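Residue-level structural notes
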Amino acid sequence: MDGLVVASKFHPTKIVLRLLPFLATSRPFAVFCPYKEPLIDCYMKLKESGTCLMLRLSETWCRTLQVLPNRTHPMNNMSGTGGFILNGITSQPNQNYSNNFS
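So, here is what we can say about the structure in this document.

Thresholds applied
Residues numbered from 1 in each chain as written. Predicted model: local features only at pLDDT ≥ 70, side-chain atom pairs only at ≥ 80, totals over all residues. Heavy atoms only, no water. Core = buried A, V, L, I, M, F, W, Y, C linked by side-chain atoms within 4.5 Å. Buried < 20%, exposed > 50% of the residue type's maximum accessible area, 1.4 Å probe, protein only. Helix = DSSP H or I, 4+ residues; strand = E, 2+ residues; numbered from the N terminus. Salt bridge = Lys/Arg side-chain N within 4 Å of Asp/Glu carboxyl O. Patch = residues over 30% accessible without salt bridge, like charges linked within 9 Å, V, L, I, M, F, W, Y side chains within 5 Å. Areas by Shrake-Rupley, 256 points an atom, 1.4 Å probe, with all protein chains shown as cover. Pairing = 2+ DSSP bridges. Axes fitted to C-alpha atoms, helices over the stretch in contact; angles between N-to-C directions.

Before going further, it helps to spend a moment on the nonpolar core. Counting 15 residues, the largest nonpolar core has Val16, Leu20, Phe29, Val31, Leu46 and Leu86 as its most contacted members. Secondary structure elements with two or more residues in this core: strand E1 (4-7), strand E2 (28-33), helix H2 (36-49), strand E3 (52-59) and strand E6 (84-90).

As a further point, take the pattern of salt bridges. Counted under the stated rule, the structure contains 1 salt bridge. We note a salt bridge from Arg27 to Asp2, for which the minimum N-O separation is 3.4 Å. Placement of the pair is Arg27 in the loop between helix H1 (13-19) and E2 and Asp2 in the segment before E1, with a sequence separation of 25 residues. Residue Arg27 is classed as partly exposed on the basis of its relative accessible area, which comes to 31%.

Now for unusual backbone geometry. Positive phi outside glycine occurs at Ser26, with the angle close to 65°. Mapped onto the secondary structure, Ser26 falls in the loop between H1 and E2. Non-glycine residue Met54 carries a positive phi angle of around 50°. Here Met54 lies in strand E3.

Right, let's get into a nonpolar patch on the surface. There is a patch of nonpolar side chains on the surface, built from Met1, Ile15, Leu19 and Phe22 and spanning about 380 Å² of accessible area. With respect to the helices, strands and loops of the structure, Leu19 is situated in helix H1.

This part is about the sheet that holds E2. The sheet built from 4 strands is open, its strands ordered E1-E2-E6-E3 with mixed pairing. Two strands in the sheet have a free side with no partner beyond their single neighbour: E1 and E3. In this sheet, adjacent strand axes meet at a mean angle of 10° when their direction is disregarded. Two strands pair when backbone bridges link them, and E3 and E6 are joined in this way by 6 bridges, in the antiparallel orientation. Paired with Cys52 across the two strands is Thr90, which belongs to E6.

Right, dumping it as structure tokens:
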């Protein structure tokens, strides 16, 4: 596969760990979840596995602005959050690196 996108309302860690081996090396992946805690768990598991680089967890919330002549302010009716995205790039685990610190 050339890329992976996962959007889940449930805990995405098992899904991601099962699908990542099918992703070629140096390919991007992204995981969306409305809650931060499942993605933090997924982030830690991917970090421990050593198969991913440039892992980044970010929030997708965006503030809409109302622009009028001589005044600008945020929209009054906005949602509290848009969710969170975990993204990164796959890599091959380096066996020598882990053996050097054993």
